[in-house]
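Coordinate inspection notes
Residue-level listing of the chains:
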Amino acid sequence: MGISKYMKIADALAKKNLKTNHGGPFGAIVVKDGKIVDKGNNQVLKTNDPTAHAEIVAIRNACKKLKTYDLSGCKLYTSCYPCPMCLVAIIWSNIKVVYYGSTKEDAEEIGFRDDMMYDYLKDLTKGKQNEEILKLIDINSDDTIFEAFKNKKDKTIY
């Protein structure tokens, strides 16, 4: 299958949500070595889970199927440019290539608020915090847990 065929599958998953109302019009496919590992469509409304975006669902399904948290060597095909949460999940899962259809501007035009989140994160990197969106409070909790993990011999960093 070529790139366009994978995108057609991602788009078909997105179109399915127009009928089911399980979530927004988003679909994603995880591919490894030219084979579909698994797929996902947006399930936010169906599951009442704001993290159940198509990319996250596809990553969760692929990890479960491959029995690993590391999707190195996989590619992601998604119907739309990933939101900030999905971008970070893609990076955490070690996927290095993402093909997308619609743009983040297209998502904004139909009512999704990704730009607000991009702006919030950009401001955080500059040391500014928009507390109307999210207030982060450092309460200096017990660091002994992190020290114990640091010294743990059988730890796994992911």
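Residue numbers run consecutively from 1 along every chain, following the written order of its sequence. Given that the model is predicted, a residue must reach a pLDDT of at least 70 before its local features are reported, and side-chain atom pairs must reach 80 or more before they are shown or counted; all residues, however, enter totals for whole chains, interfaces and linings. Just so you know, side-chain values use all the structure's heavy atoms and leave hydrogens and water out.

So, on to the packing of helix α3 (residues 54–66) against helix α4 (residues 84–92). Running from N to C, α3 and α4 point in directions that differ by 25°, and their axes come no closer than 9 Å. The orientation of α3 with respect to α4, classified from their angle, is roughly parallel. Two packed elements cross with a definite hand, and for α3 against α4 that hand is left-handed. Between α3 and α4, the contacting residues are Glu-55, Ile-56 and Ile-59 on the first element and Met-85, Cys-86, Ala-89 and Ile-90 on the second. When residues are sorted by character, Ala, Val, Leu, Ile, Met, Phe, Trp, Tyr, Cys and Pro go into the nonpolar class, Asp, Glu, Lys and Arg into the charged class, and all the rest, Gly among them, into the polar class. Within the contact of α3 with α4, the residues separate by chemical class into six nonpolar, no polar and one charged. Angles run from 0 to 180 degrees between N-to-C directions of axes, and those axes are lines fitted to C-alpha atoms, restricted for helices to the stretch in contact. Per the convention used, a helix needs a DSSP run of H or I reaching at least four residues, while a strand needs a run of E reaching at least two, with both numbered from the N terminus. The scheme is simple: roughly parallel for angles under 35 degrees, roughly antiparallel for over 145, roughly perpendicular for 65 to 115, oblique for anything else. The handedness criterion is simple: a crossing whose near helix is rotated anticlockwise from the far helix by less than a right angle is left-handed, and one whose near helix is rotated clockwise is right-handed. Note on definitions: a residue-residue contact is assigned when non-hydrogen atoms from the two residues lie within 4.5 Å.

On to the pattern of salt bridges. Any carboxyl oxygen of Asp or Glu that lies within 4 Å of a side-chain nitrogen of Lys or Arg is treated as forming a salt bridge with it. Taken as a whole, this structure holds four salt bridges when the rule is applied. In this structure, the salt-bridge partner of Lys-65 is Asp-38, at a minimum N-O distance of 3.9 Å. Note that Lys-65 is positioned in helix α3 and Asp-38 in strand β2 (residues 35–41), a separation of 27 residues in sequence. Put simply, Lys-135 and Glu-131 hold a salt bridge, and the shortest N to O gap is 3.9 Å. Any residue under 20% of the maximum accessible area for its type is buried, any over 50% is exposed, and the rest in between are partly exposed; the area is computed with a 1.4 Å probe on protein chains only. The class for Glu-131 is partly exposed, based on a relative accessible area of 48%.

Looking at where Asn-41 falls in the secondary structure, it is placed in strand β2. Of the polar contacts made by the side chain of Asn-41, one reaches the side chain of Gln-43; its length is 2.8 Å. If we skip the residues at most four places from it in the chain, Asn-41 touches Leu-13, Lys-16, Asn-17, Phe-26, Gly-27, Ala-52, Ala-54 and Val-57. Between N or O atoms, a polar contact is any pair within 3.5 Å; within protein, one atom must be a potential hydrogen donor and the other a potential acceptor, and residues adjacent in sequence are included only when both atoms are from side chains.

Right, let's get into the nonpolar core. Counting residues in hydrophobic clusters, the biggest one holds 20 residues, and the most contacted among them are Val-30, Ile-59, Leu-71, Leu-76 and Ile-95. Elements that contribute at least two residues to this core include exactly β1 (27–32), α3, β3 (74–80) and α4. The greatest single-element share of this core, amounting to six residues, is contributed by α3. Residues within four places of Ile-95 in sequence aside, it is in contact with Ile-59, Leu-71, Cys-74, Lys-75, Leu-76 and Ile-90. Within the second largest apolar cluster, seven residues are counted, among which are Ala-10, Leu-13, Ile-29 and Tyr-77. Among the buried residues, those of types Ala, Val, Leu, Ile, Met, Phe, Trp, Tyr and Cys that are joined through side-chain atoms within 4.5 Å form a nonpolar core.

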